[in-house]
Amino acid sequence: MLSPRLFIAQRVTALLLAPFVLGHLAGIICAVHGGLDAAEILARTRGNPWLAAFYQLFVVLAAFHAAIGVRVICAEFSRGRLREIHLDIIATGVGLTLLCMGGFAVVAVVV
Amino acid sequence: MLTHPDELRVRIWRGDAGGGEMAAYRAPRLPNQTVLDVVTWIQRHQAPDLSYRFSCRVGMCGSCAMTVNGAPRWTCRTHVKEVARNRRDGQLELAPLRNLPVVKDLVCDMADFFRKWRQAEGRFRGGRGRFDAVSAVTAADPHRAAADAAIECINCAVCYAACDVVAWNPGYLGPAALNRAWTLVNDARDTAQSRRLRAIADAGGGCQHCHSQHHCAQYCPVQLSPAHSIAGLKRRVGRAVLRGEL
Ligand code: SF4
Ligand code: SF4
Ligand code: FES
């Protein structure tokens, strides 16, 4: 149900996600403390390639991490009744959905 | 139902693989009696057809485990006054261990539990014969110390019954088998390490499925921590994946 490679992929993405979450929270707190409104935030984010790279990477890591996690949850909730192929379909669906939603959000904020 | 202060009300699960239900009994309340004493008294005086397992009665053999007032325990060393306190009515409720098929009454089929020990390569495979020199393993060796911390398992299956991952994933090897594998992973004399590594990283039930919630360690009657051993196995598997060995 959880191959050793998927297990390590989930551990490694978790490790890499930690600084992204902290960076994201720090960004939000700074913006709120600076009293910026939405238009002012967008004026700063638009056209910033570093921000685009930061959030795109964040989205990719989160999509992988969440997809593997949801795969395990589904396997355990079904008590072994879902087969590997079903789990793969669910995980791929979750991963692609997150990737698309995240990608759209990055485009909306940066482009 | 009123109970005499010297009387213990006991509910015991009676049935077999086809199903069953709780049956009510009464037994004398005695100082320092164990749960196993109560079961034995009921079998001798009220229910001669009651099935249960025990052997040593001193916490050595690991055969007497049951679900006592909702928690898995070794019954020969569990005092009634210790567990009855947990219930408002001060009474006893006994059922077979969780996560194992029932044979009859309080007896479970342990075949799966021990099959998983073999599946996890829980058998020592040495390479030296009687004419070879003895391997030098000192007590200070950190691998020896790690194995020592996990070695005193009495195969009681209490941890196996306490583990939610076993309940959710019938293929999971479980805390006891993995704890045993950890002692051998740390055994310098063993010659089957690569086989064992593949077994403990099995995609269907390997150590990576453990949620590290430590129910096994909380209930193990001899205070082992299979969860701790499994954390060691996960590190071992992680290194192997990163090196491309798995
Ligand atoms: S720590 Fe792991 S092996 Fe122990 S009870 Fe929890 S899931 Fe099971
Ligand atoms: S690890 Fe503890 S609870 Fe599990 S089988 Fe061994 S002695 Fe029993
Ligand atoms: S009867 Fe042997 S451990 Fe309880």
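Fair warning: this is a prediction, and the values are worked out from it, not measured in the lab.

In this assembly, 18 residues from chain B lie in contact with twelve residues from chain A. Taken over both partners, the interface formed by chain B and chain A buries close to 1200 Å², and the fraction arising from carbon and sulfur atoms is 63%. Summed over the shared surface of chain B and chain A, the number is zero salt bridges. Along the contact surface separating chain B from chain A lie seven residue pairs in polar contact (both at pLDDT 80 or more). Where the side of chain B that touches chain A is concerned, the elements lending two or more residues are helix H6 (164-168) and helix H10 (226-242) of chain B. Residue contributions to the side of chain B that touches chain A peak at five residues, all from H10(B). Here the side of chain B that touches chain A is built from residues that sort into ten nonpolar, six polar and two charged.

Attention now goes to the nonpolar core. All names here are of chain B. Grouped together as the largest cluster of nonpolar side chains are 72 residues, with contacts concentrated most on Ile42 and Leu92. Here this core spans two domains, since at least three of its residues come from each of domain 1 (7-108) and domain 2 (111-242). Filtering out sequence-adjacent residues up to four positions away, Ile42 remains in contact with Val10, Ile12, Tyr25, Ala27, Ala47 and Leu50.

Bringing the site of ligand 1 into the picture now. All names here are of chain B. Taken together, 13 residues surround ligand 1, and among them Cys163, Tyr172, Cys210, His214 and Cys216 come closest. Counting atoms within 2 Å of the grid points, the majority share of ligand 1 lands in the largest cavity. Of all the secondary-structure elements, those providing two or more residues to the shell around ligand 1 are helix H9 (215-219) and H10. Residue classes in the shell around ligand 1 are distributed as eight nonpolar, five polar and no charged.

Once that is clear, we can look at the environment of Ala181(B). Residue and element names in this part refer to chain B. Position of Ala181 relative to the elements: it lies in helix H7 (residues 175-185). In the structure, Ala181 is positioned 62 residues away from Gln119 in sequence and 9.8 Å away in space, judged by C-alpha atoms. With residues near it in sequence (within four places) discarded, Ala181 still touches Ala120, Arg196 and Ile200.

Next up on the list: the packing of helix H3 (residues 111-119) of chain B against H7(B). Residue and element names in this part refer to chain B. Two elements in contact, H3 and H7, have axes whose closest approach is 8 Å; the angle formed by their N-to-C orientations is 25°. When the interaxial angle is binned, H3 and H7 end up roughly parallel. As H3 runs across H7, the sense of the crossing is right-handed. Along the contact surface, H3 presents Phe113, Lys116 and Trp117, while H7 presents Ala176, Ala177 and Arg180. Split by residue class, the contact of H3 with H7 holds four nonpolar, no polar and two charged.

Time to look at the site of ligand 2. Surveying the vicinity of ligand 2 reveals the residues Cys153(B), Ile154(B), Asn155(B), Cys156(B), Ala157(B), Val158(B), Cys159(B), Ala176(B), Cys220(B), Pro221(B), Val222(B) and Pro226(B). Each residue belonging to the shell around ligand 2 can be placed in one class, and the counts come to eleven nonpolar, one polar and no charged.

With their axes 10 Å apart at the nearest point, helix H1 (residues 4-33) of chain A and H10(B) run at an angle of 95° to one another. When the interaxial angle is binned, H1(A) and H10(B) end up roughly perpendicular. Of the residues in H10(B), those touching H1(A) at Pro4(A), Arg5(A), Phe7(A), Ile8(A) and Arg11(A) are Lys234(B), Val237(B), Gly238(B), Val241(B) and Leu242(B). The residue makeup of the contact of H1(A) with H10(B), split by class, is six nonpolar, one polar and three charged.

Another aspect to go through is the domain arrangement of chain B. Interfaces are often described in size by the accessible area the parts lose on coming together. Residue and element names in this part refer to chain B. If you check the domain split of chain B, you get domain 1 (7-108) and domain 2 (111-242). A straight line from the C-alpha centre of domain 1 to that of domain 2 covers 29 Å. Facing 13 residues of domain 1, the contacting portion of domain 2 comprises 16 residues. Here domain 1 meets domain 2 over a buried area of about 1200 Å², counting both sides, of which 65% is carbon and sulfur. Summed over the three residues of domain 1 that lose the most area to domain 2, namely Pro72, Arg98 and Asn99, the buried surface amounts to 43% of that side. Taken together, the links from domain 1 to domain 2 amount to one salt bridge. Two residues, Asp164 and Arg98, come together in a salt bridge whose shortest N-O distance is 3.0 Å. Take the side of domain 1 that touches domain 2: its biggest share by element is four residues, from strand S4 (residues 71-74).

Each value, and the rule that gives it
- Residues numbered from 1 in each chain as written.
- Chains lettered and ligands numbered in written order.
- Predicted model: local features only at pLDDT ≥ 70, side-chain atom pairs only at ≥ 80, totals over all residues.
- Heavy atoms only, no water.
- Contact = heavy atoms within 4.5 Å.
- Buried area = accessible area lost by both parts, 1.4 Å probe.
- Salt bridge = Lys/Arg side-chain N within 4 Å of Asp/Glu carboxyl O.
- Polar contact = N/O pair within 3.5 Å; in protein donor to acceptor, adjacent residues only side chain to side chain.
- Helix = DSSP H or I, 4+ residues; strand = E, 2+ residues; numbered from the N terminus.
- Nonpolar A, V, L, I, M, F, W, Y, C, P; charged D, E, K, R; others polar.
- Core = buried A, V, L, I, M, F, W, Y, C linked by side-chain atoms within 4.5 Å.
- Buried < 20%, exposed > 50% of the residue type's maximum accessible area, 1.4 Å probe, protein only.
- Domains from an automatic or database assignment.
- Near = heavy atom within 4 Å.
- 1 Å grid on protein atoms, 1.4 Å probe; cavity = no way out; pocket = protein on both sides within 12 Å on 5 of 7 lines; lining within 4 Å.
- Sits in = over half its atoms within 2 Å of the grid points.
- Axes fitted to C-alpha atoms, helices over the stretch in contact; angles between N-to-C directions.
- Parallel < 35°, antiparallel > 145°, perpendicular 65-115°, else oblique.
- Left-handed = near helix turned anticlockwise from the far one by under 90°.

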